[in-house]
Structure formats: structure tokens, C-alpha cells
Amino acid sequence: MKIGIWISIFTIFSTILNPSKTEDDLVIEGFNYINSKPVFIHLKDGRISKIVPNKKSSNSPKLFVAPGLIDIQINGYVGVDFSGPNLTEEDVVKATKALWKVGVTSYFPTVITQDISIIKKNLAILAKAKDDPDIGISIPGFHLEGPYISPKKGFRGAHLEKYIKKPDWKEFLELQKAAKNNIKIITLAPELEGAIPFIKNCVKNGLVVSLGHHNGTATDIQNAVNAGARMATHLGNGCANQINRHHNPIWPQLSEDLLKISIIADGYHLTKEEVRSFYKVKGFDNTILVSDALDLAGLPPGEYIRGERKLVLTPEVVKFPGENVLAGAASPITKCIDVMMDFTQCSIAEAIKMACSNPAEMFSLNHLGEILPNKRADLILFSMERNKIDIHKTFVNGKLVYSKK
Ligand SMILES: [Zn+2]
């Protein structure tokens, strides 16, 4: 008994004398990505407890610390296809862990136009995988891209025409039920019959409605915005090559103040001039970077068979063999941050904001996207090698989930 009392007294005194040892689970040292100043970030119970200036920084090599990245449009990773017919819960675990290695601490698995029974099955699998607390914490919601998009060639992109349909609220509710209410964003075409009441229903139910793969007129787009649509999905892509120079879907989406845009700034899906122009109009507050990566992303370069098609994965993009035609994106979102800085000369703080703070704000993920006390401790430590981000460590909910050897 007496020994127990002495131990308690000793514990109280040591806590008072040396609070950092007992108060915090972990202290991370790095250069703040916003101002490059060295800081200690104290973590407690999965949250950031405090940020303290580091007066004697000895961090070598120079590692920056930033919030974990948030990718709101990703079709798959390391061979896992969120829209594929054979998706399993284990696949979702595999993709999530692989994404941690590239600094993505939250993502919205994106299910695209498919046979409706496969969409429903995959949403249910994703919902079940999200129940795993270790993995689910990195999946704030799902992105449904289609099947309510334009069936027209060019605008439908790689989506299969036979599965494209008009908006159907009853059908969507069935999908949302399979997803256990986890569909948080839907990409659709505003010009389709029934799209405007459908958008109103989505907004009433708390979804973000994003316009994409469409050939909407200025009026269609205005009506969609009036109904509550707030984003344009991968602006400049999901659009035919031949469009009218005056009347096309790009201008009204660029000029509409209420629409934020997502862009695939991987260096291939948009030209430098497009990225610079979009960025100049929307600024870093209204631009969200997305990888839109295909399942081949994260795999070794080479030839792959997908369905009946042969695809070539280069280190940075997926192409159709011999045609030099893009088949999809294959770079993680870190590449888009690198390209944004290169193309627009924006700062690293601005580029990272477009890949974490902006998506967090769009989806009211108030606990994510910034380094501030009480935010969830989702953090990345990275170096800049020849103007490219190199992830060294990733933390999710205060836990180290990846460390470079
Ligand atoms: Zn798309």
C-alpha cells in the first residue's frame, strides 16, 4: 500500500516537472509546409495537441510536415479497381495501405458507370471495408461518377455507353442504401432529363453535386447551380475534342463563381496553358486537385489487359498501345502537387492546400486538412527532391502508418 502511494506521488511530481513526457503520445519534428519554419507537433490521442516552434532545428535532411493528402477522385490503386467485378474487402485494405505510402490519408473511392448490380455490390463492399476502424478512418465517403452522365462520344470519356442512364432517384436511393449512406459526392450531367430535381434531392440529402462528363449549355449549368451543384469534375476532361468555341461546357463552369473545380494536373490530362488558365480564374481557394488514378496506378510499368482491352502503363500515365492516346491517369496526387507548382509557380503551401484543405472544406471534414490544435493527427513528412515531393512518413490518427526505409 505504502509503496503504491509513493509511486502515485512520484508520478504526479514527474508529470508536473516534465509534462511533455507524460502528456503526449508522440512529438513530430519538421518544417511547417506553410512558412518553412521548424516546429514540434505534439500528438495526443490521435489529435494534434500543440504546435511549438523548434528553436534549435537539426532536422537533416530537411523534412517538411503537412496535413495528410485527401484525394476525392480515385478509381483504384495497385491493381485494385473500385468498379471492377471482383472487388473484395481485402482489396480495399490493400489499396488504402498503398495510398498511405504516397501520403494520401483520406480518399473517396470512386465507383464509375457500370452494370448497376456491380455498382451496388461494390458500394456494399466499400461500406463493409469502411467498418474496419483502421481502414475506415481513411475513407470519409464514396464518389459515384455516373451512371447519370452524357452518353455522347467524347463527353462520356471511358465510361461504357451501354450502362449510362438518366437520373433515377429511386435507383440512387437503393445505391445509397447499399453504400450505408456513404456516397458523399456524385458526378452527373445537368442536361439530362430529370437532372435538376435529382440534384435538388441530392443537395437536400447532404451530397456534393459535381458536374462532369456532360455537354450542358450555359442554361443547363446555371439551372444546376441554382439547384445546388457546387463543383465541376475534372474540368477540361470528360469533354469532346471538337467543341464550339463560344458555346461549350467549359466557359460557363469557369465563369460561375459558385462552382469550384477539380482538375487532373498530372502533366498529361491538361496542357500547361489549361492548368494555368483554370488556376488564374479559380485561384487556389476554388481549385481541388484529384488524381483520378486508375487501378493500374502504383503498379510497375508494362502492358496490362483490362477487360478486352490492352493498356500500356508508363511510369506516369496509362495509354492505349500504339496510338499515343491517353487511357487514364496513373499518378498519385503528389504528382499533381508537383505539376501545379511547376506549371503555375504557386507555392508548396498553395499546392498542398488544393490537395487537403480545400477538399476537407468542401466535405465539411472540419477535423482534417490543416495543422492546428485539435485537428486529427493525419500528417505527412516529406522532402523535396528536384522539386518533387518524396514522402518519408505518414501518420493517420496519430499513428505512424508508413515510414520510408
Ligand atoms: Zn471522369
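Residues numbered from 1 in each chain as written. Predicted model: local features only at pLDDT ≥ 70, side-chain atom pairs only at ≥ 80, totals over all residues.

Is there a simple way to explain the pairing of strand S9 (residues 142-145) in this structure?
Along any regular strand the residues' side chains alternate between the sheet's two faces. Here S9 shows two buried faces, one formed by Phe142 and Leu144 and the other by His143 and Glu145. The pairing of strand S8 (residues 104-112) with S9 spans three bridges and is parallel. Residue pairing for S9: Ile112 is matched across the bridge by Glu145. Pairing of S9 with strand S10 (residues 183-188), which is carried by four bridges, proceeds in the parallel orientation. Paired with Leu144 across the strands is Ile186, a residue of S10. Taking the sense of rotation as the criterion, the β-α-β connection linking S9, helix H6 (residues 169-178) and S10 turns out right-handed. (Buried ≥ 20, exposed ≤ 12 C-beta atoms within 10 Å, placed from the backbone. Helix = DSSP H or I, 4+ residues; strand = E, 2+ residues; numbered from the N terminus. Pairing = 2+ DSSP bridges. Right-handed = clockwise from strand over helix to strand, strands pointing away.)

Any chance you could explain the domain arrangement of the protein chain here in plain terms?
It is common to give the size of an interface as the accessible area lost on bringing the parts into contact. If you check the domain split of the protein chain, you get domain 1 (2-64 + 379-403) and domain 2 (67-362). Here the C-alpha centre of domain 2 lies 34 Å away from the C-alpha centre of domain 1. Contact with domain 1, which involves 14 residues of that partner, is made by 18 residues of domain 2. Put simply, the parts of the chain that give the side of domain 1 that touches domain 2 at least two residues each are strand S19 (379-385), strand S20 (388-396) and strand S21 (399-403). Split into classes, the residues belonging to the side of domain 1 that touches domain 2 amount to 10 nonpolar, three polar and one charged. (Domains from an automatic or database assignment. Contact = placed C-beta atoms within 7 Å. Nonpolar A, V, L, I, M, F, W, Y, C, P; charged D, E, K, R; others polar.)

Hey, could you run me through helix H4 (residues 116-130) in this one?
Each full turn of the α-helix corresponds to 3.6 residues, which orients residues three or four apart in the same direction. The end-to-end C-alpha distance of H4, which contains 15 residues, comes to 21 Å, matching closely the 21 Å that a straight helix rising 1.5 Å per residue would cover. Considering only its buried residues, H4 is in contact with helix H3 (89-101), S8, helix H5 (133-136), S9 and H6. (Expected span 1.5 Å × (residues − 1).)

Would you mind showing me how to read the nonpolar core here?
Note that soluble globular proteins tend to have their nonpolar side chains buried in a common cluster. Leu289, Ile337 and Ala355 are the most contacted members of the largest nonpolar core, which totals 115 residues. Formed jointly, this core draws a minimum of three residues from each of two domains, domain 1 (2-64 + 379-403) and domain 2 (67-362). (Core = buried A, V, L, I, M, F, W, Y, C linked by C-beta atoms within 7 Å.)

Looking at this model, I keep getting lost on the confidence of the model for the protein chain. Mind explaining?
Parts of the prediction with low pLDDT should not have their coordinates interpreted in detail. Residues of the protein chain with pLDDT of at least 70 account for 93%, and the chain-wide mean is 92. Predicted confidence for residues 1-22 stays below pLDDT 50, and this span has two contacts to residues more than four positions away or in other chains. (pLDDT = per-residue confidence, 0-100.)

When you look at the sheet that holds strand S1 (residues 26-32) in this model, what are you seeing that I'm missing?
Working definition: the strands of a sheet are paired by backbone hydrogen bonds and lie parallel or antiparallel to each other. Taken in spatial order, the seven strands line up as S3-S2-S1-S4-S19-S20-S21 in an open sheet, and their pairing is mixed. What marks the edges here is a single partner per strand, and that holds for strand S3 (47-53) and S21. The average undirected angle you get between the axes of adjacent strands in this sheet is 40°. With two bridges joining them, S1 and strand S4 (residues 64-67) adopt parallel strand pairing. Each bridged residue has a counterpart across the sheet, and for Phe31 the counterpart in S4 is Phe64. (Axes fitted to C-alpha atoms, helices over the stretch in contact; angles between N-to-C directions.)

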